[in-house]
Amino acid sequence: MFVNWAHFLIPKIFIVLSLIANPILVNLIHTEKVFKFGDYRYLLYFFAGFNVTSALSDLLVPICVHTYRYATVVFITEGLFENRSHFASFLIAYRCAFISGTYGILNAHFIFRFLVLRYNQFVVQHFNNSGFGAACGLVLFHWFSWAIMTDISMGADGEVRDYIRESFEESYGSMENVNTKVVIFSEASPGVVFRSWVGTIYVTFLATYSIILYFVLGYKIMSSLNRGLTTMSHKTTQMQKQLFLALFVQTAIPICVSFVPCTISLYGSAFRMDSLSWINWSASVAVSSFPFLDPMAISLCLPALRNKLLLRIGYRLSPNRIQTIPCL
């Protein structure tokens, strides 16, 4: 199903860029012999792998959003799973769950950075044995719970399709063979409305608690660095600040390209705030940009990685531009 050229081309461009940027990031970190990232490199590798998986899911399950009165519709536009089936319907929930997985990874990063500053010896002793597994478990919890809740709360047949059929077909043509997931917040049976609200409140909780965690731990991290509560050297403290800046940029990206578009789509329908069609399709385009923007934020915000990248593309740096990174 063709929506428009922007919706068709822009996500594919981001997919290609993400499949280039993430391996480059991994290579920059892995081949760094002088500068040491310590155990933090494993979280960065994990983040890059997640980004690649998310990009591939965009390729396999391209989606778009449509809103009508009190309903929000997410549907597959093209590809291997374009034809209607129960499995393809679940894949919509699977695709949307990557949004929550992003929150889980950022939670793990903030917790790690906080523990390194306040309880570094604990991290040294336990990260390799259980810490990395706990971080992966947190991400999987976010991903699976969002996918399952979305699959349960968003209908795909019967009443929900009839509610949005006329509006959908006016915009995109016949929906008989289209895979959809739909939430309806009013003007439907009590069961459908109840499931829609439960699912929406749950995914809102996952996003909201994550954002609150970012602010709370971010404040504690910066307070520790500014007050000099760590035993690190000045050089190491400066590097921690650079890492925190990179993490701050990483956090701002999903808030802008994931949290805000999802909130507008869901709660716009919940409170009958009709949105323009370009806002709906641009939401899915914005989400597809994260797997590329995230590795670029890390590569460009950390001076050592940025300098190394510039050297690889042939840009000469003056000696005073080259910085060292202490062991983290």
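The structure presented is a predicted model; accordingly, all values stated were derived computationally and were not measured.

Moving on: the UniProt feature "transmembrane region" (unreviewed entry) in the protein. Listed under "transmembrane region" (unreviewed entry) in the UniProt record, and renumbered for this structure, are residues 6–30, 42–68, 88–115, 127–149, 201–222, 243–267 and 279–302. End C-alpha to end C-alpha, residues 243–267 measures 34 Å, and it is 100% helix and 0% strand. This span, residues 279–302, is 92% helix and 0% strand, and a straight line between its end C-alpha atoms measures 33 Å.

Turning to the state of the cysteines, a few remarks are in order. For the structure shown, the criterion picks out zero disulfides. We note that C96 lacks a disulfide partner, and the nearest cysteine sulfur, in C262, lies 7.1 Å from it.

Per the stated rule, a full pass over the model turns up eight salt bridges. As a salt-bridge pair, E187 and R69 come within 2.5 Å of each other at their nearest N and O atoms. Linking E187 in the loop between strand 3 (180–184) and helix 6 (190–227) with R69 in the loop between strand 1 (63–68) and strand 2 (71–76), this pair joins segments that are 118 residues apart in sequence. With relative accessibility at 26%, the residue R69 sits in the partly exposed group. Salt bridges sharing partners connect three or more residues here, namely D162, R165, E169 and E176.

Helix length check: helix 2 (residues 40–60) (21 residues) gives 31 Å between terminal C-alpha atoms against 30 Å at 1.5 Å per residue, within 8%. Those residues of helix 2 that sit buried are Y40, R41, L43, L44, F47, A48, F50, N51, S54, A55, S57 and D58.

It is worth spelling out the side chain of S223 at this point. Inspection of the secondary structure puts S223 in helix 6. Side-chain polar atoms of S223 contact the backbone oxygen of Y219, separated by 2.8 Å.

Here is what the cut-offs are and how they apply
Residues numbered from 1 in each chain as written. Predicted model: local features only at pLDDT ≥ 70, side-chain atom pairs only at ≥ 80, totals over all residues. Heavy atoms only, no water. UniProt positions renumbered as here; feature names shortened; annotations may be inferred. Helix = DSSP H or I, 4+ residues; strand = E, 2+ residues; numbered from the N terminus. Disulfide = S-S within 2.5 Å. Salt bridge = Lys/Arg side-chain N within 4 Å of Asp/Glu carboxyl O. Buried < 20%, exposed > 50% of the residue type's maximum accessible area, 1.4 Å probe, protein only. Expected span 1.5 Å × (residues − 1). Polar contact = N/O pair within 3.5 Å; in protein donor to acceptor, adjacent residues only side chain to side chain.

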